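These are the residues of each chain, in order.
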Amino acid sequence: MKYEEKVQKLNMQMRRFARQDIAVAFSGGADSSLLLKLAVDAAAVFGSNVYGILMHTMLHPAGEAEEARTLAEKIGAKFCVVSVDELQGAGILDNPADRCYRCKKYLFEQLLRECSILGVSVVLEGTNGDDLHTYRPGFRAVRELGILSPLADAEFTKAEVRKLGAKLGISASEKPASPCLATRFPYGTRLSGEAMRRVEQGERFIREKGFYNVRLRVHGDIVRIEVDIKEFQEFMKEREAVTACLKALGYRYITLDLEGFRSGSMDISL
């Protein structure tokens, strides 16, 4: 399907959904921001309400909530926050191989409860077409719970999400993906809020040095840094500062992964 056909299909879906109130599982990233913008634009025709609902969790960077609020309000949606502790609630303290499924099911069950309070029955989330070709067991939970995935249904790739988002003036269209912090640890590793906050601090430090895709993969007292291969030369100029930061956070051995950044590198064993 051509890009223009995908856009047409997506807009038709959104106009159909917008005949009643809509809730979007909203993280402030490129995918959910595009969905929220399209929902608000479509709902304006029918006078429907659109809610951007952020799941404030243990597994996502703490600073994202206020950024998401600012963006949702700029887009014109009603912003809500649902706070959860999925480490306990979803039974994922030991980072099991089916963590993503358990976590998504738990989170979206809480989101659906909030939607029931709001009186909203149309609930959307931002899985895109590219996500369907990677290890995403959480998508099974999305389908089981009846959550709708318009981007995936219209076969939108991540690049096409960013393209349409930029055209619509969405500031998050070029924002790098920020998957849950549990993905930084091997399956079977005991997870803790403290360990994930250390990862968050380290990644933020490196990102503030100007690097786009950044992951810290933690193997005990070893931290494996992933950045884009094209940025290796620039990264080595920051070697001493990065090493000092990560040592201060408690990591004993600091390594640069020569394969570079790649999404899902902890899934190799699966």
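What counts and what doesn't
- Residues numbered from 1 in each chain as written.
- Predicted model: local features only at pLDDT ≥ 70, side-chain atom pairs only at ≥ 80, totals over all residues.
- Heavy atoms only, no water.
- Helix = DSSP H or I, 4+ residues; strand = E, 2+ residues; numbered from the N terminus.
- Buried < 20%, exposed > 50% of the residue type's maximum accessible area, 1.4 Å probe, protein only.
- Contact = heavy atoms within 4.5 Å.
- Pairing = 2+ DSSP bridges.
- Axes fitted to C-alpha atoms, helices over the stretch in contact; angles between N-to-C directions.
- Phe/Tyr/Trp six-rings, centres within 6.5 Å; stacked < 30°, edge-to-face > 60°.
- Expected span 1.5 Å × (residues − 1).
- Arc of directions from axis to C-beta.

Looking now at the environment of L35. Mapped onto the fold, L35 is located in helix α2 (residues 30-46). For L35, a relative accessible area of 0% gives the class buried. Taking the C-alpha atoms as reference points, L35 and P150, 115 residues apart in sequence, are found 8.0 Å from one another. Ignoring sequence-local partners within four residues, the contact set of L35 consists of M14, V24, L124, E125, G126, P150 and L151.

Once that is clear, we can look at the sheet that holds strand β6 (residues 222-227). Think of a sheet as strands paired side by side through backbone hydrogen bonds, with each pair either parallel or antiparallel. Taken in spatial order, the three strands line up as β5-β6-β7 in an open sheet, and their pairing is mixed. Pairing within the sheet leaves two strands with one partner each, and these edge strands are β5 (214-219) and β7 (253-256). Direction aside, the axes of adjacent strands within the sheet are offset by 25° on average.

Below, the discussion takes up the packing of aromatic side chains. In the structure shown here, the tally under the stated rule is two aromatic pairs. Geometrically, the ring pair formed by Y3 and F156 is tilted, given 6.2 Å between the ring centres and 55° between the ring planes. One end of the pair, Y3, is in helix α1 (residues 3-17); the other, F156, is in the loop between α7 (150-153) and α8 (158-167), and 153 residues separate them in sequence. We note that Y3, like F156, is buried. With 5.5 Å between their ring centres and 65° between their planes, F211 and F235 make a pair best called edge-to-face. In this pair, F211 is assigned in the loop between α9 (193-207) and β5 and F235 in helix α10 (residues 232-237), connecting sequence segments 24 residues apart.

Along its 15 residues, α1 runs 21 Å from first to last C-alpha, staying within 8% of the 21 Å computed at 1.5 Å per residue. Residues of α1 that are buried: Y3, K6, V7, L10, Q13, M14 and F17. Buried residues of α1, viewed axially, fall in a sector of 125°; they line one side. In α1, the exposed positions that point more than 90 degrees away from the buried face belong to E4 and R16. Close packing links the buried residues of α1 with β1 (22-25), α2, β4 (122-124), α7 and α8.

We now examine the sheet that holds strand β3 (residues 78-83). Across the sheet, four strands lie side by side as β3-β2-β1-β4; this open sheet has parallel pairing. Of all strands in the sheet, those bounded by a partner on one side alone are β3 and β4. Looking at each pair of strands side by side, their axes are set apart by 25° on average, direction ignored. By the bridge criterion, four bridges tie β1 to strand β2 (residues 50-56) in an arrangement that is parallel. Looking at β2, one finds that I22 is bridged to V50.

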